[in-house]
Amino acid sequence: MTPHGHFHWNELMTRDVAGAKAFYSDALGWTYSEMPDPDTGSTYFIAMDGELPVGGMFDITNIPGMDQVPASWMAYIAVDDIDARVEKAKAGGATIVREPWDVPGVGRIAMVMQPDGAHIGWMTPAAEQG
């Protein structure tokens, strides 16, 4: 289990999934497993280092509101109680870009913009939920 306050997951948002997969496969030896992405109706790719999942990637080409977002990595920090932590973030001046939502088998996630404008994902991983 990922301890509260530690980085838990990273995912690549790209318009060239095939190119990114080839790049990381060649450079780092990653392989990939696939799962459906219920939010977009497309495929989410889980990057694997042997049997260990190390990150994910997905295509942002047809996702509304992502047309100006450059290809980039998004990090997620594990938190003990996403709903309570989001309230603390708001009190501390953060903007909640996306309120907490559940991803079955993954966890409860929120998208946070800290007071200076940097974006980060926070999540209570499914394995750590009550």
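All of the points below concern the structure found in this document. (Residues numbered from 1 in each chain as written. Predicted model: local features only at pLDDT ≥ 70, side-chain atom pairs only at ≥ 80, totals over all residues. Heavy atoms only, no water.)

**Brief notes about the environment of Glu-11**
Following the sequence through the fold, Glu-11 ends up in strand β1 (residues 7-14). Here Glu-11 falls in the buried class, since its relative accessible area comes to 10%. In sequence terms Glu-11 and Ser-42 are 31 residues apart; their C-alpha atoms lie 15 Å from each other. Residue contacts for Glu-11: discarding those within four places in its chain leaves Tyr-44, Gly-56, Phe-58, Ser-72, Trp-73, Met-74 and Tyr-76. One polar contact links Glu-11 to Tyr-76, side chain to side chain, over a distance of 2.4 Å. (Helix = DSSP H or I, 4+ residues; strand = E, 2+ residues; numbered from the N terminus. Buried < 20%, exposed > 50% of the residue type's maximum accessible area, 1.4 Å probe, protein only. Contact = heavy atoms within 4.5 Å. Polar contact = N/O pair within 3.5 Å; in protein donor to acceptor, adjacent residues only side chain to side chain.)

**Regarding the side chain of Thr-2**
Mapping Thr-2 onto the fold places it in the segment before β1. The buried category is assigned to Thr-2, whose relative accessible area is 16%. At 2.6 Å, the side chain of Thr-2 forms a polar contact with the side chain of His-8.

**Observations regarding the sheet that holds strand β4 (residues 52-59)**
What the eight strands build is an open sheet, ordered β2-β3-β4-β1-β5-β8-β7-β6; its pairing is mixed. What marks the edges here is a single partner per strand, and that holds for β2 (31-36) and β6 (95-103). Strand-to-strand twist of the sheet, defined as the mean angle between neighbouring strand axes without regard to direction, takes the value 25°. Direction of pairing for β6 relative to strand β7 (residues 107-113): antiparallel, over a ladder of six bridges. Each residue of the ladder has a partner; that of Trp-101, found in β7, is Ile-109. In the packing of helix α1 (residues 17-28) onto the sheet, the strands contacted are β1, β2, β3 (43-49), β4 and β5 (72-78), and the crossing angle to β4 comes to about 155°. (Pairing = 2+ DSSP bridges. Axes fitted to C-alpha atoms, helices over the stretch in contact; angles between N-to-C directions.)

**Some details on the packing of aromatic side chains**
The relative placement of two aromatic rings is captured by the distance of their centres and the angle of their planes. Under the defined criterion, the tally for this structure stands at five aromatic pairs. Judged by centre distance (5.7 Å) and plane angle (90°), the ring pair of Tyr-24 and Trp-73 falls under edge-to-face. With Tyr-24 in helix α1 and Trp-73 in strand β5, this pair connects stretches of sequence that are 49 residues apart. Measuring from centroid to centroid gives 6.3 Å for Trp-30 and Trp-73, while their planes differ by 80°, and the two rings are edge-to-face. Placement of Trp-30 in the loop between α1 and β2 and of Trp-73 in strand β5 is noted, with a sequence separation of 43 residues between them. The ring of Trp-101 carries the charged tip of Arg-98 above its face, separated from the ring centre by 3.6 Å. (Phe/Tyr/Trp six-rings, centres within 6.5 Å; stacked < 30°, edge-to-face > 60°. Lys NZ or Arg CZ within 6 Å of the ring centre and 35° of its normal.)

**Things to note about the nonpolar core**
Of all hydrophobic cores here, the largest spans 15 residues; its most connected members are Met-13, Tyr-76, Ile-109 and Met-111. Considering each element in turn, this core owes the most residues, three residues, to β3. When sequence neighbours within four positions are dropped, the list of residues in contact with Met-111 reads Met-74, Tyr-76, Thr-95, Ile-96, Val-97, Arg-98, Trp-101, Ile-120 and Gly-121. Ile-82, Ala-89, Ala-110 and Ile-120 belong to the second-largest nonpolar core, a separate cluster that totals 12 residues. (Core = buried A, V, L, I, M, F, W, Y, C linked by side-chain atoms within 4.5 Å.)

**With respect to the pairing of strand β8 (residues 119-125)**
Counting buried positions along β8 yields six of seven residues, so the element is predominantly enclosed. Sheet topology note: the β5/β8 ladder contains three bridges and is parallel. Bridge pairing in β8 links Ala-78 to Met-123.

What is shown is where atoms sit, not what they do.
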